[in-house]
Each structure stands twice: as C-alpha cells, then as structure tokens.
Amino acid sequence: MGALAEAWRGVVWYLRGMLGADAYQRYLEHHTRTHPDTEPLSERAFWKDKMDWEDRNPQGRCC
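Residues numbered from 1 in each chain as written. Predicted model: local features only at pLDDT ≥ 70, side-chain atom pairs only at ≥ 80, totals over all residues. Heavy atoms only, no water.

## What to know about the overall build of the protein chain
Threshold: Strands are runs of DSSP state E lasting at least two residues, helices are runs of H or I lasting at least four, and both sets are numbered from the N terminus onward. With C-alpha atoms as the basis for the radius of gyration, the globule rule is written as 2.2 Å multiplied by the number of residues raised to the power 0.38.
From N to C terminus, the protein chain includes three helices and zero strands. When its helices and strands are written in sequence order, the protein chain yields α-α-α. Taking 2.2 N^0.38 as the reference for a compact globule, 63 residues should give roughly 11 Å; the C-alpha atoms of the protein chain span a radius of gyration of 15 Å, well beyond that estimate. Here the C-alpha coordinates of the protein chain stretch approximately 45 × 35 × 20 Å along the principal axes.

## Focus on helix α1 (residues 2–19)
So the rule is basically this: To estimate how far a helix should extend, the number of its residues minus one is multiplied by 1.5 Å.
An ideal rise of 1.5 Å per residue puts 26 Å on 18 residues; α1 measures up with 26 Å between its terminal C-alpha atoms. One or two positions beyond α1, positive phi appears at G20, with a value near 85 degrees.

## A look at the confidence of the model for the protein chain
For clarity, the cut-off: Confidence of the predictor at the level of single residues is captured by pLDDT, which takes values from 0 to 100.
Of all residues in the protein chain, 94% attain a pLDDT of 70 or more, and the chain-wide mean is 88. Considering each helix and strand of the protein chain separately, the mean pLDDT is smallest for α1, with a value of 85, and largest for helix α2 (residues 23–34), with 95.

## As for the packing of aromatic side chains
This is how the line gets drawn: Note on aromatic pairs: the rings of Phe, Tyr and Trp (six-membered ring only in Trp) are paired at centre separations within 6.5 Å, and the planes decide the class, stacked below 30 degrees, edge-to-face beyond 60, tilted for the rest. Under the scheme applied here, a residue whose accessible area is under 20% of the maximum for its type counts as buried, over 50% as exposed, and between as partly exposed, the area being computed with a 1.4 Å probe on protein chains only.
Under the defined criterion, the tally for this structure stands at four aromatic pairs. An angle of 75 degrees between the planes, with centres 5.1 Å apart, marks the rings of F46 and W47 as edge-to-face. Exposure remark for F46: the relative accessible area of 10% places this residue in the buried category. An aromatic cluster is defined as three or more aromatic residues linked by ring pairs; in this entry it consists of Y24, Y27, F46 and W47.

This is the structure we're talking about:
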C-alpha cells in the first residue's frame with residue numbers, strides 16, 4: 001500500500017504543477033530567496049495579481 005500512496009502523491013504533484021496550483025508555493029519560495037527583507041503577498045493578493053497579469057498578457061491556455 002505504501003508504493004500506491006507514493007505513486008498517488010507523485011500524480012498529484014505532477015497535476016498541481018501542470019495546472020499551476022503550486023504557483024503560490026513557488027512564489028513564496030522565490031520571494032524568500034530573493035527578497036528576504038520584504039513581506040510576501042497574501043495568497044489572495046497573489047492570485048488576483050496573477051490573474052490580472054494573465055488577462056493583460058494573454059498566452060496559449062485552454063480557458
């Protein structure tokens with residue numbers, strides 16, 4: 001059962017990356033490395049900023 005759970009976690013990790021669901025976590029990691037002296041955006045503010053940027057800069061996406 002351990003191998004199945006490990007495989008499932010791998011699938012979830014892959015899909016989160018493909019769908020961009022891990023973007024806030026990646027932002028926090030980047031922000032901590034590059035701007036340790038400033039407060040990061042809240043998750044809500046991050047997603048609003050990301051969606052606003054994507055609306056202003058449309059690229060290939062499904063929706």
